[in-house]
Amino acid sequence: MKKNSFSHLPASRRKFLRQLTLGSGALAFGAPLIANTPLIIRKPAKKLGIALVGLGNYATNQLAPSLQDTEHCYLAGIVTGTKEKEAKWIEKYNIPTKNIYNYDNFDQIANNDDIDIVYVVLPNSMHAEYTIRAAKAGKHVICEKPMGLSVKECEDMIAACKANKVKLSIGYRLHFDPHHMEIIKLPKEKPFGAVKYVNAEFGFRIGDPTQWRLRKNLAGGGAIMDVGVYCIQGARYATGEEPIAVTAREFKTDPVKFAEVDETVTWEMEFPSGAIANCTTSYAFSTNRLHVGMEKGTAEVQPSYSYRGLAGHVNRKLMDFPVKRQQASQMDNFAQVINNGGESEVSGQEGLLDLKVVEAMYKSIKKKGKRVKV
Ligand code: NDP
């Protein structure tokens with residue numbers, strides 16, 4: 001993993017040097033200047049500062065290490081409710097104390113020019129509040145999946161970002177993984193005819209029964225909200241279409257542990273072209289696969305949704321890609337969108353469309369598997 005070579009310098013100097021090396025490579029490498037050749041000075045692309053909000057498992061073990069591998073952004077600050085975490089992060093990542101916030105003084109981040117992007121990595125029920133507060137502070141936002149607990153929350157988040165002229169993206173890291181990028185191409189390029197069928201499954205056996213993921217008020221739901229959204233995503237980008245209807249059923253084997261949230265859910269999604277997706281998500285067992293059936297061939301990624309070690313084929317031709325942290329590519333892509341203009345490929349709209357499907361699924365479960373229009 002690449003080490004931060006400026007980590008011994010004060011923050012202001014580090015930021016200056018990062019911008020310099022990024023924007024003016026030739027000068028940094030000492031290329032000779034030829035007499036009479038006009039010197040073209042290009043405005044250096046700004047390396048953007050990210051503040052992680054909520055220093056739990058994902059922020060600590062995936063996002064912060066990935067930020068050491070990014071080219072267009074860096075770890076500039078943290079927001080935490082746990083005082084003891086501050087010293088550890090200062091020591092490990094050399095974060096200036098002025099870039100450390102808690103949930104009470106979070107809104108003061110508006111006055112901090114080191115922070116360009118706020119990355120919300122909190123329990124699901126806090127996504128909307130912190131996205132909206134970050135937008136009001138004038139910061140661009142990355143919000144983890146699921147975007148919110150309801151379509152209404154997603155709409156409010158999108159509206160707040162629009163009103164404050166900041167960009168919003170969702171932590172859909174797989175759009176930047178080369179295996180999934182091959183799948184995304186299938187409905188556009190149709191190398192083996194139209195996509196007719198998708199099978200998406202993602203589940204794992206959840207541990208600690210006291211964790212927030214099993215509390216409805218914090219998680220909004222169970223396996224569907226946590227890992228089922230990857231299957232909804234997979235089905236949507238493998239077909240390149242928006243579903244028109246779903247049928248879903250829930251199965252519980254441990255009604256005590258899963259008293260508040262869904263344990264295992266199977267569902268079907270119907271698409272306008274006639275394509276169908278058959279999906280399963282679970283907190284009771286492991287499954288991890290995305291299979292695409294086309295008119296004249298198949299594609300598959302298995303394991304499909306992990307951080308690394310993905311493997312797959314497109315019509316028996318093996319996928320073979322260099323290893324890169326998905327989260328580094330994802331955050332770099334958003335930084336480039338901010339610097340160059342345009343919208344993130346995983347904008348708030350993507351998160352909202354998934355929540356529309358989620359809401360239809362819960363309605364269908366309530367109606368014992370009745371078909372519900374999306
Ligand atoms: P954790 O439970 O490990 O961490 C959540 C952190 O949020 C806590 O450590 C704490 O940080 C803060 N927090 C604030 N209020 C609460 C509260 N009431 N209860 C619990 N924690 C609180 O969760 P994860 O890191 O696994 O998940 C965080 C988010 O990231 C979720 O939305 C999840 O869906 C998403 N995620 C996305 C992944 C992906 O691949 N894209 C993978 C894993 C998670 P502090 O002590 O600093 O205040």
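Residues numbered from 1 in each chain as written. Predicted model: local features only at pLDDT ≥ 70, side-chain atom pairs only at ≥ 80, totals over all residues. Heavy atoms only, no water.

**Student:** I'd like a description of the pattern of salt bridges, backed by residues and values.
**Tutor:** Enumeration according to the criterion identifies 16 salt bridges in this entry. With a closest N to O distance of 2.9 Å, Asp-107 and Arg-133 form a salt bridge. With a gap of 26 residues between them, Asp-107 in the loop between β3 (100–101) and β4 (117–120) and Arg-133 in helix α5 (residues 127–136) connect regions that are remote in the sequence. Linking Asp-226 and Lys-145 is a salt bridge whose minimum nitrogen-to-oxygen distance equals 3.1 Å. With a gap of 81 residues between them, Asp-226 in helix α9 (residues 223–239) and Lys-145 in the loop between β5 (140–143) and α6 (151–163) connect regions that are remote in the sequence. Judged by its relative accessible area of 8%, Asp-226 is buried. What emerges from the salt-bridge pattern is a single network uniting Arg-236, Glu-242, Glu-350 and Asp-354. (Salt bridge = Lys/Arg side-chain N within 4 Å of Asp/Glu carboxyl O. Helix = DSSP H or I, 4+ residues; strand = E, 2+ residues; numbered from the N terminus. Buried < 20%, exposed > 50% of the residue type's maximum accessible area, 1.4 Å probe, protein only.)

**Student:** Describe the pairing of strand β8 (residues 245–251), and please don't skip the residues or the numbers.
**Tutor:** Note that β8 and strand β9 (residues 264–270) share seven bridges and pair antiparallel. Paired with Glu-250 across the bridge in β9 is Val-265. Of the pairings in the sheet, the one linking β8 to strand β15 (residues 372–373) comprises two bridges and is antiparallel in character. Each residue of the ladder has a partner; that of Val-246, found in β15, is Val-372. (Pairing = 2+ DSSP bridges.)

Worth remembering: the numbers are spatial, not functional.
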